[in-house]
Amino acid sequence: MGGYEPPESQFPDVRRIKRLDKDTCQKEGIFFDDENINEETEELDENVNVEEIVASILFDLVGGVTEIDRNLDENSELVFQPDEARKPRSVSLWSRDSSGSKDSANHDDDLLNKIESKISEIDSSSETDGVKSPSFLKKQVEEIPGIHPLHTHILLYSQKYDCQRTLYALTALKAIINANPRMVMCTIATTTISKRSTPHQVQLQTLLARHRKCVFGKNFFGDVAPETMSSVRNSMYIEILMSVCLYYIRSYYPNLMLSKLSEQELNRNKEVQILATEVLTQLVGELISVVRENGKAFASYIGSLFSKCKMQKVVLHCVLSSVYNLRKKNGGSDLSSHFTEGIISFNEENMDANTNENYQVKLLKLLQKIIRLEDQISVSRGESEATTTSANPEWDSSRINFIPQLSSATFKVKHPIAYQGMFLSAIMSALKQQHLCHMHQHWVSMVTASLHYFGKALPRIVTSVVNQLCRNIELLAAKYELSGAFQSLSNQPDGIPPDHVITMLEGLMMVCHYCLLDNTHQVSVSQAGPLPKNLDTDGAFSGHIFSNLIHVFNPSHSREPSPLKELGPVAPVIEARRSLLSFLPRIIAGLTVLWKAIDISQARHNEEQPCWTMGSPKVVRQYILEFLSPVSLHHGVNLLGAAAVVWNDRRQRGVSNNKKVIPTACGDQLLLVDLVSAIKVLPTDTLIQTVRQVIRSPPPTNQDRNRKRTPLEVSMLQFFYAYVDKTPASQLIDSWPSMLALLKEGLQLGLVAQGQFLLLGILNVFVQKTPTLEARKDQKDLQDVAQKLLEACSTIAGSSLEQTTWLRRNLAVKPGPQTDLNGIDDQETETEDVSPAPSPVVKEAKQLPPPNQTQYSVQALMLLADIIAPLLDVVYGSDEKDKVVPFLNTYILYNVFPYLRNHSSHNIPSSRACSQILSSLSGYQYTRKSWQKVALELLFDPNFFQMDMQSIENWRIIVDNLMTHDKSLFKDLLSRVTLAQSSSIFTSKDHEYEQRAQLLKRMSFAIFCSEMDQYQRFMPDIQERLAENLRHPQAPSVQAQVFLCFRILMLRISPHHLTSLWPTIITEMVHVFMQIEQELATDIDETGSQMQKLSNLDTSWAYGNGLYGHNHPAWLQLYLQACKLLDLALILPADSLPQFQLYRWAFIGEDGVEGRRRSDHPQFTPHVMRLAHSMNKKSGGDPPMYKYAPGQPLLTKSNLRSLQDLHAFFNTLCQGDQSRYRSGAAVQSEPRPTMPKSKSAPDISEIAAASTPLDPAGTSTNQSRSNKQLIELIIEKDFLEPF
């Protein structure tokens, strides 16, 4: 490449350019060839001293550059803006059109004068410039056209120079320093350039003066001011060497030079920059030990020298500009109007990327050495953190922030590099460059090597770096999890080096361990070089856990002195420790993401895993545990507190299965349990004790305080509940003392309701998993703590009750709606009214529940329903069951029965939960005395059936256990039905009929709750009761209950035991259908034979009892029950109802009968057909139909609004395929199985292809229900009464 040649229109005015000739250069002391060197310059003999050697090399360095011109530096911040990064295009400083107009020439003059007027703040010797406000400096930079804020520090060569000669001089200097660094450093730091007046030194002084003049925007040639020469003569060699190297580091070729530059010359200029950086690194590195060994005066001298040379400012600007220059460019769309970007592009875009990255690595090494030297200077001066901050009243730790807009950052004079916002911005910007992830190890290494020297900036730097490292680890985890799909993600790193994940984990571990662990000498924070790419994964950090354990038991053990131990408690480290401990949830979250990703990757055994080159899952898992193990030893409370925060953040929101009192843990939460369980230095017993400390004094975390969250204690107990559930029983039984202490202290702390629920749940899991405790004392302690936890939960359950009288202890449900668990969505759970954010102070015990616990009464009842019966059965042995009943009566059922006695609509949630409590307790024979009497009273309560579907399912179990355990109760129930007829307490017939109907309904419900043929021996008595109630034709409600009872008998009694009942039932059904037909006929003008048949009906029955009130609800309910009885008889298998097959023709007819009959004989029309014909004639239009499903009832509704609601039912039976109902053809192919012993309905054969039936209202039933379950569900609905 011949170099960059600007277009013709961009050439500067050549009339203004003066070319140097040979004589002029010799007159000014500039030589290019060896034969032109002044004759006085002779070869040095072997006895020449170091001073003369360095002077000669400096002459070559300075003389090799004819001019460094046009400093374009202004004080500004380097900020990496990835979203604004654009590919630079070459923009000339001067723009001249082809006509060469006078306006363009004047514009050039104005531009040059404006730039020259802005003297470089970086090279200015005035210390007061640094106190300018950032807004002023930013405005000052913006006034300079074409200069990017990140490039205001660069210097430009006005013409080519001899790079090879400069490289030789720098290499010689580097070799001299390496040979004897101490002697060289002491010599150049104590010798002025004017000590001897040799020709070399005179020429060197002249060149230095002219270059300094040129750097400040003046002409290289011409007279030199006496003060400039005086300042040069008083300079030490070390100052000159540093200044010259800094000039080289930030000097570039402009893209508007007249002569062509080759690619080799551009590459050599970059080599000069790299070599100058290495020389400076050597000098600064040696100065650290020299300053340490000398006194305060020398340290002050070096500090002022650095300020004079602007060492920190120049290096920071160079580092930040290198970060920006290596940004990821977006092709041709990345354009910029800044000509400085064109300069950088001209110098570096065709260069090998490794060269620019190497330059950045060298700058980082130099930056790290400068940070160490600044710290050593401060120590040698005897300055502490207090004096440093007091000397700078503007200092505030909050100012050390990562500044998103990099152009807003400024260099603050008298502040060390670590205190500069520019420094943190450079680190964060570099770590965000995912396309340069192979460079992250060098940045992390620089940070870890400088941790001890950050001072008060340590907390902010550490938290920012750790946050970004966690973000990078999460991005890397995506490649493990998504494998090939990872490449399609926009923000994922590419070109990842081997073991990169391990390198990042190691850096994160070193940073965190330095701040969190007291024995900082055990963490390698003094490694100056970058972290190695290929690590010995088997042995790396293998001794961390062991050494930390040794430190725990022997804190005085140390193989080398620790700086922290020598200086005592260091405030920055303590502050950084607090910051990191509150930031620990973010770290745990990132490590959990990585843990999950490697689990997913490791589960793909048969797939190729190229992502494992970043780090094998086994080694990554080992590093995660090595990171967490020491933290768990020293800060176990904070670690588990962080785990609790992450647990709460990872819960699944809006998931139906989490609508439980104790939410079910999702996969991500269980993964967190696996991670903590894998920490071997945190066994179960230690973890339980740590959880106890977390609950007693919750650690501070960086939770979002702008919204209410679940209390940390609740999240901690949720995590511990899942941990206990996954822990083997052997480990739990050994930790019983710690578990007991945790449960007791949890009771004393007065936790919120959710916390007390979790304590009870933890105890239940522990009891169910572990074997019975052998020691008598342990068993007694278990019973005591179980009683206290159940009592506390019962107290919360009774918070919705109030006393009705002052003297007697009668409780009633408070009026008003109750909070049902199913009605709590995730948003309400997250913003629920809970206690304020936990503080580290230990809470005082509370005896009474807080007022807001009323909303948790339903949840408490539901938890008791799930836990109390199995828990008490295990806690109390077979010889101690007698203790259960007094406890239940005193503490539990006292708060349960009031809810069951209340049948209001707002009490449905509590009533449902209490019925579940009673059903769970009724399964244990020894608890019968505590609930039998009240349950029987509730059964005969007039409002007993005012409940929901779930409650009636629970009551089926209760009544079954009630009747099964006491054989005399059902007989007593039958006697009540008999006594109701002669009772004198009824004031009217209507009341008597209602009482009969209610008693029949309870008898039917008791039979419905039984097993098959359980009450077969009571069939004569049952038949007698039904016959007695059928003698009252004027009571439709009683007759409706008879039909309901017979439907239940068809399901619960064998067919041969029902033979004697069929004639009575068929007769009653015919009467009801004829009454329906007569009621329909009253609205139709019809005098045919059908009316003659109706005339034979008993008028006292037909007309005197409801014919003219056929729309009365009692009569409609009777019609519905009769139709449901016919519907059930038609769908049941023929072998279940053999007697009904003799009568079915009277209702729906038979196929083929009409064809065999003669037309002259009278024909019988089935009742269903007559009713369908009447309704069709009355309504007109298309007859409605139901969608039929084999084996499933057509009628699913529980009440009728009018007779027309049965229209579709009659039409479906009449016009549908009769073969579907013939002798149970749909289920006749298989023999009827034997009824199993259960508390449910008989086992009716199920049809696999059964579809979902639709009732007339269009309500769809559950497709997962079997035909048997659907039939029982319909019967359960028939029992329910409206509130």
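Just so it is clear, the model here is predicted, and its values are computed rather than measured.

K.L.:
Hey, could you run me through the overall build of the protein in this one?
P.N.:
A count of helical and extended segments in the protein gives 52 helices and five strands. A fraction of 82% describes how many contacts in the protein between residues 6 or more apart in sequence connect residues 24 or more apart.

K.L.:
Please explain the packing of helix H19 (residues 500–516) against helix H22 (residues 571–582) as it appears in this structure.
P.N.:
What describes two packed helices is the angle between their axes and the distance between those same axes. Across the interface, H19 lies against H22 with an axial gap of 8 Å and an inter-helix angle of 120 degrees. Looking at the two axes, H19 sits oblique to H22. The segment H19 lies against H22, with Val 511, Cys 512, Tyr 514, Cys 515 and Leu 516 engaging Val 573, Ala 576, Arg 577, Leu 580 and Leu 581. Of the residues assigned to the contact of H19 with H22, the class counts are nine nonpolar, no polar and one charged.

K.L.:
How should the packing of aromatic side chains be read in this particular structure?
P.N.:
Aromatic ring pairs are defined here through the distance separating the ring centres and the angle between the ring planes. Under the definition given, this model contains 29 aromatic pairs. Between the aromatic rings of Tyr 157 and Tyr 161, the centroid separation amounts to 4.5 Å while the plane-to-plane angle is 40 degrees, which identifies the pairing as tilted. Ring centres of Tyr 924 and Tyr 926 lie 5.8 Å apart, and the angle between their planes is 50 degrees; this geometry places the pair in the tilted category. Tyr 926 sits in the partly exposed class, given a relative accessible area of 23%. Each residue in the set Phe 1046, Trp 1062, Phe 1073, Phe 1140, Phe 1147, Phe 1209 and Phe 1210 is aromatic and connected to the rest through ring pairs, giving one cluster. Here the guanidinium or amino end of Arg 327 rests over the ring plane of Tyr 324, the centre of that ring lying 4.0 Å away. The cationic tip of Arg 976 hangs over the ring face of Phe 940; the distance from NZ or CZ to the ring centre is 3.8 Å.

K.L.:
What should I look at first to understand unusual backbone geometry in this one?
P.N.:
Leaving glycine aside, a negative phi is the common case for residues, and trans is the common case for peptide bonds. A positive phi is found at Lys 310, a non-glycine position, where the angle reads about 60 degrees. The exposure class assigned to Lys 310 is buried, which follows from its relative accessible area of 8%. Here Asp 1013, not a glycine, exhibits a phi torsion of approximately 60 degrees, which is positive. Here Asp 1013 lies in the loop between helix H41 (989–1008) and helix H42 (1019–1030). The class for Asp 1013 is partly exposed, based on a relative accessible area of 26%.

K.L.:
Which parts of the structure should I look at to understand helix H5 (residues 163–179)?
P.N.:
The periodicity of an α-helix, 3.6 residues per turn, causes residues three or four positions apart to be oriented the same way. The terminal C-alpha atoms of H5 lie 24 Å apart, and with 17 residues this matches the ideal 24 Å at 1.5 Å per residue to within 8%. For H5, the full list of buried residues reads Cys 163, Thr 166, Leu 167, Ala 169, Leu 170, Leu 173 and Ile 177. All buried residues of H5 lie within an arc of 165 degrees about the axis, which places them on one face of the element. Exposed positions of H5 whose direction lies more than 90 degrees from the buried face are Tyr 168 and Ala 179. At the N-terminal end of H5, a side-chain oxygen is found 3.3 Å from the backbone nitrogen of Gln 164, two or three residues along, and the residue is Asp 162.

K.L.:
Could you clarify how one ought to interpret the pattern of salt bridges in this entry?
P.N.:
Close approach of charged atoms allows side chains of opposite charge to pair. For the structure shown, the criterion picks out 33 salt bridges. Here Lys 308 and Glu 239 are joined by a salt bridge, their closest N and O atoms 3.2 Å apart. Of this pair, Lys 308 sits in helix H11 (residues 296–309) while Glu 239 sits in helix H9 (residues 237–249); the two residues are 69 residues apart in sequence, bridging distant segments of the chain. When its relative accessible area of 6% is taken as the criterion, Glu 239 is described as buried. With its nearest N and O atoms 3.0 Å apart, the salt bridge here joins Glu 1281 to Lys 1001. On the criterion of sequence distance, the pair formed by Glu 1281 in the segment after helix H52 (1267–1279) and Lys 1001 in helix H41 is long-range, its members being 280 residues apart. The pair Glu 1281 / Lys 1001 is uniform in exposure class, with both members buried. Here the salt bridges share partners, and the residues they tie into one network are Arg 956, Arg 1052, Glu 1272 and Glu 1276.

K.L.:
Is there a simple way to think about the nonpolar core in this case?
P.N.:
As a rule of thumb, soluble globular proteins bury nonpolar side chains together. Core analysis: the largest hydrophobic core is formed by 323 residues, its most contacted members being Ile 587, Phe 970, Leu 1049 and Phe 1147. Here Phe 970 is in contact with Met 963, Met 1003, Ala 1006, Ile 1007, Tyr 1015, Phe 1018 and Ile 1022, once residues within four sequence places are set aside. Ranked by size, the runner-up nonpolar core spans seven residues in total, among them Ile 147, Ile 154, Leu 156 and Phe 339.

K.L.:
Help me understand the side chain of Gln 376, please; the structure alone is not making it clear to me.
P.N.:
Position of Gln 376 relative to the elements: it lies in helix H14 (residues 353–380). Gln 376 sits in the buried class, given a relative accessible area of 12%. Not counting the four nearest positions on each side in its chain, Gln 376 is found in contact with Ile 288, Val 291 and Arg 292.

K.L.:
Would you explain helix H13 (residues 339–348) in this entry?
P.N.:
Burial analysis of H13 places ten of its ten residues in the buried class, which makes it a mostly covered element. Of the positions making up H13, those classed as buried are Phe 339, Thr 340, Glu 341, Gly 342, Ile 343, Ile 344, Ser 345, Phe 346, Asn 347 and Glu 348. Buried residues along H13 sit in contact with strand E2 (155–157), strand E3 (251–252), helix H10 (263–293), helix H12 (311–325) and H14.

K.L.:
Please clarify how the environment of Leu 363 should be interpreted in this entry.
P.N.:
Inspection of the secondary structure assignment puts Leu 363 in helix H14. For Leu 363, a relative accessible area of 1% translates into the label buried. In this structure, the C-alpha to C-alpha distance between Leu 363 and Ile 274, residues 89 residues apart in sequence, is 8.3 Å. The contact partners of Leu 363, leaving out residues within four places of it in the chain, are Ile 249, Thr 277, Cys 318, Val 319 and Ser 322.

K.L.:
Please explain the confidence of the model for the protein as it appears in this structure.
P.N.:
Note: predicted coordinates in regions of low pLDDT should not be interpreted at a detailed level. Summary statistics for the protein give a mean pLDDT of 75 and a share of 69% for residues scoring 70 or more. Counting contacts from residues 520–569, a segment whose pLDDT is below 50, to residues more than four positions away or on other chains yields 86 contacts. A low-confidence stretch, residues 825–851 stays under pLDDT 50, and its non-local contacts, those more than four residues away or across chains, total 49 contacts.

K.L.:
So what exactly am I meant to see when it comes to the side chain of His 513 here?
P.N.:
Topologically, His 513 is positioned in helix H19. A polar contact of 3.0 Å, which involves the side chain of His 513, links it to the backbone oxygen of Phe 627.

So, how was this worked out
- Residues numbered from 1 in each chain as written.
- Predicted model: local features only at pLDDT ≥ 70, side-chain atom pairs only at ≥ 80, totals over all residues.
- Heavy atoms only, no water.
- Helix = DSSP H or I, 4+ residues; strand = E, 2+ residues; numbered from the N terminus.
- Contact = heavy atoms within 4.5 Å.
- Axes fitted to C-alpha atoms, helices over the stretch in contact; angles between N-to-C directions.
- Parallel < 35°, antiparallel > 145°, perpendicular 65-115°, else oblique.
- Nonpolar A, V, L, I, M, F, W, Y, C, P; charged D, E, K, R; others polar.
- Phe/Tyr/Trp six-rings, centres within 6.5 Å; stacked < 30°, edge-to-face > 60°.
- Buried < 20%, exposed > 50% of the residue type's maximum accessible area, 1.4 Å probe, protein only.
- Lys NZ or Arg CZ within 6 Å of the ring centre and 35° of its normal.
- Expected span 1.5 Å × (residues − 1).
- Arc of directions from axis to C-beta.
- Polar contact = N/O pair within 3.5 Å; in protein donor to acceptor, adjacent residues only side chain to side chain.
- Salt bridge = Lys/Arg side-chain N within 4 Å of Asp/Glu carboxyl O.
- Core = buried A, V, L, I, M, F, W, Y, C linked by side-chain atoms within 4.5 Å.
- pLDDT = per-residue confidence, 0-100.

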